[in-house]
Amino acid sequence: MKRPPRPLRAGLCLLGLALAWAMPAAAQTPPAQPAHAATACPALDEDPARLHGLWQLTLWLPDGSEAAPVSTGALLFERHPDYPGSVRGNLKRSTEGHDVLALVAGDVSDGVFNLDESADGVAMDAVWTGTPQDCGQAISGIRRPAEGRAPGVPVLQFSLHKAPGGR
């Protein structure tokens, strides 16, 4: 095989270098997306599996702030075996003096997060109502004592944040 003349070889070399230099930059540039695609994400009630996984919990008094919680903990949501589109799971949170363990079950319906909390799996202790935010990566709202529960249990504000790496 014959080699190309020296000026042609130099030009091919420069062309190869230019392409090698340009390729990584082009590979890193994502293809153009429609403007709505960047902001659109499915609602949690359209894709309830996005609720599954570990969530970090903060509870605080209505006249307080999230920065000064009365309780922190975590919820682990899994698919509810009896109700498609719903979740059930476990709650563990610390309060002043003790830890609270509870069973939870709920869903997102018409854009509203609803959760029932029960310490014994039979009687309801609290109901949670909230609003999904950040494309379903956060939920905030109010936790109220269930009807008929002990008086004096405060209404609390809550925030849930999907744990990093959560399923």
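Anyway, here's the lowdown on the structure attached to this text. The structure displayed is predicted, hence computed values, not measured ones.

1. Topic: the overall build of the chain
Within the chain, the secondary structure is distributed over 2 helices and 8 strands. Across the 167 residues of the chain, 26% fall into the buried class. Within the chain, residue pairs in contact and separated by at least 24 positions form 38% of the contacts whose partners lie at least 6 positions apart. As displayed, the chain offers around 10900 Å² of accessible surface, 60% of which is attributable to carbon and sulfur atoms.

2. Some remarks on the sheet that holds strand 8 (residues 156-162)
Consider a sheet: its strands pair through backbone hydrogen bonds, and that pairing is either parallel or antiparallel. Overall, antiparallel pairing links the 8 strands, which are arranged 1-2-3-4-5-6-7-8 in a closed barrel. Direction aside, the axes of adjacent strands within the sheet are offset by 30° on average. Across 5 bridges, the pairing between strand 5 (residues 112-118) and strand 6 (residues 126-133) is antiparallel. Bridge pairing in strand 6 links aspartate 116 to valine 127.

3. Let's talk about the pairing of strand 3 (residues 87-95)
Where strand 2 (residues 71-79) meets strand 3, 8 bridges bridge the pair, whose relative direction is antiparallel. By the bridge assignment for strand 3, phenylalanine 77 is matched with glycine 89. In this structure, the hairpin formed by strand 3 and strand 4 (residues 98-109) is closed by a connection of 2 residues, where glycine 97 is found at a positive phi of approximately 100°.

4. So, the side chain of arginine 143
Along the chain, the position of arginine 143 falls in strand 7 (residues 138-145). Of the polar contacts made by the side chain of arginine 143, one reaches the side chain of glutamate 117; its length is 2.9 Å. Ignoring any residue separated from it by four or fewer positions in sequence, one finds arginine 143 in contact with Leu59, Arg93, Glu117, Ala126, Val127, Trp128, Pro154, Val155, Leu156 and Phe158.

5. Here we look at the state of the cysteines
The final tally for this structure, using the stated rule, is 1 disulfide. Across the disulfide from cysteine 41 sits cysteine 135; the S-S distance is 2.1 Å. Pair noted here: cysteine 41 is in the loop between helix 2 (35-39) and strand 1 (53-60) and cysteine 135 is in the loop between strand 6 and strand 7, with a separation of 94 residues, a long-range link. Owing to a relative accessible area of 33%, cysteine 41 belongs among the partly exposed residues under this scheme. Relative accessible area serves as the criterion here: at 38%, cysteine 135 is assigned to the partly exposed category.

6. Quick look at the environment of glycine 165
Structurally, glycine 165 can be placed in the segment after strand 8. The class of glycine 165 is exposed, set by a relative accessible area of 84%. Taking the C-alpha atoms as reference, glycine 165 lies 9.1 Å from glycine 53; in sequence the two are 112 residues apart.

About the cut-offs
- Throughout this document, residue positions are counted from 1 along each chain, in the order its sequence is written.
- Only residues with pLDDT of at least 70 get local features here, since the model is predicted, and only at 80 or more are side-chain atom pairs given and counted; chain-wide, interface and lining totals rely on the full set of residues.
- Only heavy atoms go into the side-chain values, all of them from the structure, while hydrogens and water stay out.
- A run of H or I in DSSP counts as a helix once it spans at least four residues, and a run of E counts as a strand once it spans at least two, with each numbered from the N terminus.
- Note on classification: 1.4 Å probe, protein chains only; a residue is buried when its accessible area is under 20% of the maximum for its type, exposed when over 50%, partly exposed between these limits.
- Residues are treated as being in contact if the distance between any of their heavy atoms lies within 4.5 Å.
- Note on areas: Shrake-Rupley, 1.4 Å probe, and residue coverage restricted to the protein chains presented here.
- A pair of strands is labelled paired if DSSP reports no fewer than 2 bridges between them.
- An axis is simply a line fitted to the C-alpha atoms; with a helix, the fit covers only the stretch in contact. Between two such axes, the angle follows the N-to-C directions and lies from 0 to 180 degrees.
- Pairs of N or O atoms are called polar contacts if they sit within 3.5 Å, as long as, within protein, a hydrogen donor faces a hydrogen acceptor (for residues adjacent in sequence, only side-chain-to-side-chain pairs).
- Any two cysteine sulfur atoms within 2.5 Å of one another count as a disulfide.

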